[in-house]
Amino acid sequence: ARELIAFLMTYKGAAVSKTTVCEALWEETPIEYSKDCLYKLMRRIKEMPIPFHIESSRGMIKLNTDNIESDLFLFEKLAGERQNVDEMERLVDMYSGSLFEEESYGWINMKAASYDKKYMDIVCSLEEYYRKMDRTVKMDFYRRLMFEYS
């Protein structure tokens, strides 16, 4: 259940095909069996006392994110804005290194790479900003982050 919710969170409330979900979560399993697993899992999640609501229709599935606060969503929001240096620095501070790092989901590497790229883009932007402002200490800090992370 945690893996399904985590997978759907990476789609930020957008619908994804059930086939895509099944192929990601049950890689080695034939699709007819994995879809059966998905339907059973969705029934179990509906019975659980959790604040996550999964919506399903016409071969698509999505996580209703209306009442969910998440670092993942905040990261996306801040990474998309990039106009405010304070917000960009906040994003760098909140980034812990890897998407769902405590889990070893097979599908996570592709998703994690896109978040790593967004993080590095922000770090590079901050390094460039402070270089132009001639703020050496800050520039050096972000330059070190660039080299440590690459």
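Structure first, text after, so check above.
Here goes a summary of the coordinates provided. A quick note: this is a predicted structure, and the numbers were derived from the prediction, not measured. (Residues numbered from 1 in each chain as written. Predicted model: local features only at pLDDT ≥ 70, side-chain atom pairs only at ≥ 80, totals over all residues. Heavy atoms only, no water.)

Counting across every chain of the model gives eight aromatic pairs. Where Phe75 meets Tyr115, the ring centres are 5.6 Å apart and the plane angle is 55°; that geometry is what we call tilted. On the criterion of sequence distance, the pair formed by Phe75 in helix H4 (residues 71-81) and Tyr115 in helix H6 (residues 108-132) is long-range, its members being 40 residues apart. In this structure Tyr115 comes out as buried when scored by relative accessible area, which is 3%. Summarising the aromatic geometry, the rings of Phe141 and Tyr142 are spaced 4.9 Å apart at their centres and angled 80° between planes, so their arrangement reads as edge-to-face. (Phe/Tyr/Trp six-rings, centres within 6.5 Å; stacked < 30°, edge-to-face > 60°. Helix = DSSP H or I, 4+ residues; strand = E, 2+ residues; numbered from the N terminus. Buried < 20%, exposed > 50% of the residue type's maximum accessible area, 1.4 Å probe, protein only.)

The subject of this paragraph is the pattern of salt bridges. Within this structure, the stated rule accounts for nine salt bridges. One salt bridge connects Glu87 with Arg90, and the closest N-O pair in it is separated by 3.5 Å. Pair noted here: Glu87 and Arg90 are both in helix H5 (residues 85-94), with a separation of three residues, about one helical turn. With a relative accessible area of 25%, Glu87 lands in the partly exposed category. Put simply, Glu128 and Lys132 hold a salt bridge, and the shortest N to O gap is 3.1 Å. (Salt bridge = Lys/Arg side-chain N within 4 Å of Asp/Glu carboxyl O.)

Moving on to unusual backbone geometry. Residues other than glycine seldom take positive phi values, yet Arg58 does so here, at roughly 50°. Relative to the assigned elements, Arg58 resides in the loop between strand E2 (53-57) and strand E3 (60-64). In this structure Arg58 comes out as exposed when scored by relative accessible area, which is 83%. Positive phi, normally seen in glycine, also occurs at Asp134, with a value near 60°. Residue placement: Asp134 occurs in the loop between H6 and helix H7 (136-149). For Asp134, a relative accessible area of 64% translates into the label exposed.

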